[in-house]
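So you can see what is in the structure, the chains are spelled out below.
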Amino acid sequence: MGCVHGKCCNRHSSTSDGDSRGHPEAACVGNKHVLTQRALEAISVPSHNLKLQYSALTQRGYYPDSPDKENQDSFCIRTQIQGNPSVHFFGVFDGHGLYGAECSNFVKDRLVEILANDPSLLNDPVKAYTSAFSRTNSELHSSKIDDSMSGTTAITVLVNGDKIYVANVGDSRAVIAVKRGNRIIAEDLSKDQTPFRKDEYERVKSCGARVLSVDQVEGYMDPNIQTWDDEESQGGDPPRLWVQNGMYPGTAFTRSVGDSTAETIGVIADPEVSIVQLTPNHLFFVVASDGVFEFLSSQAVVDMVAQYNDPRDACAAIAGESYKLWLEHENRTDDITIIIVHIKNSSSMELPKSIGIK
């Protein structure tokens, strides 16, 4: 959920009858998947005898009032970082604002380049991540792109041997699937950075932000009510950030890359980094924009991925379900981007018919 002047909240939602049937696995023509138009890809992590089998999909949203609006999402998959066969990068970037696509693509390219050229990356990934985001943000500010009211969120996963480092700026999300007994559990690898979080709310308030929903800032609701339930119950009118004496920028997130105007009221590009030690119980991870998670929970996404043998089928199914749910709740959809990465032992690369446990 982005800037009020970019990825708008639409408070006057409409509904549509969507097909709620299960998604059949799509056929492949040659080596390419019919829906994702991608070959199934796999890379090794030889330091720990692992294989990563993955696919990705990005899909432009449906914007009836802006039929020519481009897809502002982008993604990056870079293997063998610094020539190391056991270090790989996966990232999703969700642009917003008038120049959101430019911001998203700039950050997609520069962030991984800066990481790849940081000599401290393999020894201290957290330090390298923090430095890379700061430098990328500064470079975007000084670029030819007008990021005063535009920017991008970024959710990235760095695989370094049998550890993954997840760096998040904004409200996209990474989730990992963990096998526990006869169940597959979704564990969030990131925490959405929005005013719904008390710590983020207090941080931006201390920097001078007014935190109000659109109805509050427009005078339809009491602005003194400073409590919100959660993102699901709040619907299309979440708390947003505004300057003290203006009706801008209206960001529904508290961290991003770019957004130089929002920086003056506390929006920062500092990533929150989490670290996970991989075990045989970790089945796959998902990296996706909030176009996926707006109406699907982390567990729902993991449940869908677990139904499919091929991550390309899972990408297509999740994109389709996300699209359907958007149109059931609003009269538009967001851009949708998803990367799915299966984690396997190198000696057992053949996929079962389903990851799900009966």
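Residues numbered from 1 in each chain as written. Predicted model: local features only at pLDDT ≥ 70, side-chain atom pairs only at ≥ 80, totals over all residues. Heavy atoms only, no water.

## A word on the pairing of strand 10 (residues 183-188)
Test applied: When DSSP finds two or more bridges between two strands, those strands count as paired. By the criteria applied, helices consist of DSSP H or I runs no shorter than four residues and strands consist of E runs no shorter than two, each listed in order from the N terminus.
Of the strand pairs in this sheet, strand 9 (residues 173-180) and strand 10 are connected by six bridges, and their pairing is antiparallel. When the bridges of strand 10 are listed, Lys 179 appears paired with Ile 184. In this antiparallel pair of consecutive strands, strand 9 and strand 10, the connection spans two residues, and Gly 181 shows a positive phi of 65°.

## A short note on the environment of Ile 176
Locating Ile 176 in the fold gives a position in strand 9. When the C-alpha positions of Ile 176 and Glu 187 are compared, they lie 5.3 Å apart, and in sequence the two are eleven residues distant.

## Quick look at the confidence of the model for the chain
Formally: Values of pLDDT, the confidence the predictor places in each residue, fall between 0 and 100. Only heavy atoms enter the contact rule, under which two residues are in contact if any of them lie within 4.5 Å.
A residue-level look at the chain finds 84% of positions with pLDDT of 70 or above and a mean pLDDT of 87. With pLDDT under 50 throughout, residues 5-30 is counted as low confidence; its partners more than four residues away or in other chains account for 65 contacts. Low pLDDT, under 50, characterises residues 349-358; the stretch is placed with 25 contacts to residues that sit more than four places away or in other chains.

## Some remarks on the packing of helix 1 (residues 100-116) against helix 2 (residues 125-142)
Packed helix pairs are specified by the crossing angle of their axes together with the interaxial distance, meaning the distance between the axes. Using the following cut-off: Axis geometry follows a simple rule: fit a line to the C-alpha atoms, using only the stretch in contact for helices, then measure angles between N-to-C directions, giving values from 0 to 180 degrees. Should an angle fall under 35 degrees it is taken as roughly parallel, and over 145 as roughly antiparallel, whereas 65 to 115 is taken as roughly perpendicular and any remaining angle as oblique. Each crossing is labelled by how the near helix is turned from the far one, with a counterclockwise turn of less than a right angle marking it left-handed and a clockwise turn marking it right-handed. Charged residues are taken to be Asp, Glu, Lys and Arg, nonpolar residues to be Ala, Val, Leu, Ile, Met, Phe, Trp, Tyr, Cys and Pro, and polar residues to be all remaining types, Gly included.
Orientation of helix 1 relative to helix 2, taken along the N-to-C sense of each, is 140°, at an axis distance of 9 Å. On the basis of the axis angle, helix 1 is oblique to helix 2. Between helix 1 and helix 2 the crossing geometry is right-handed. Of helix 2, the residues touching helix 1 (which contributes Cys 103, Phe 106, Val 107, Arg 110, Leu 111, Ile 114 and Leu 115) are Ala 128, Tyr 129, Ala 132, Phe 133, Arg 135, Thr 136, Glu 139 and Leu 140. Considering only residue class, the contact of helix 1 with helix 2 consists of eleven nonpolar, one polar and three charged.

## Things to note about the sheet that holds strand 12 (residues 240-242)
Ordered in space as 11-12-13, the three strands form an open sheet in which the pairing is antiparallel. If you trace the sheet from one side to the other, it starts and ends with strand 11 (210-212) and strand 13 (249-251), each paired once. Each neighbouring strand pair of the sheet contributes to a mean axis angle of 30°, computed without reference to strand direction. Across three bridges, the pairing between strand 11 and strand 12 is antiparallel. Paired with Leu 212 across the strands is Arg 240, a residue of strand 12.

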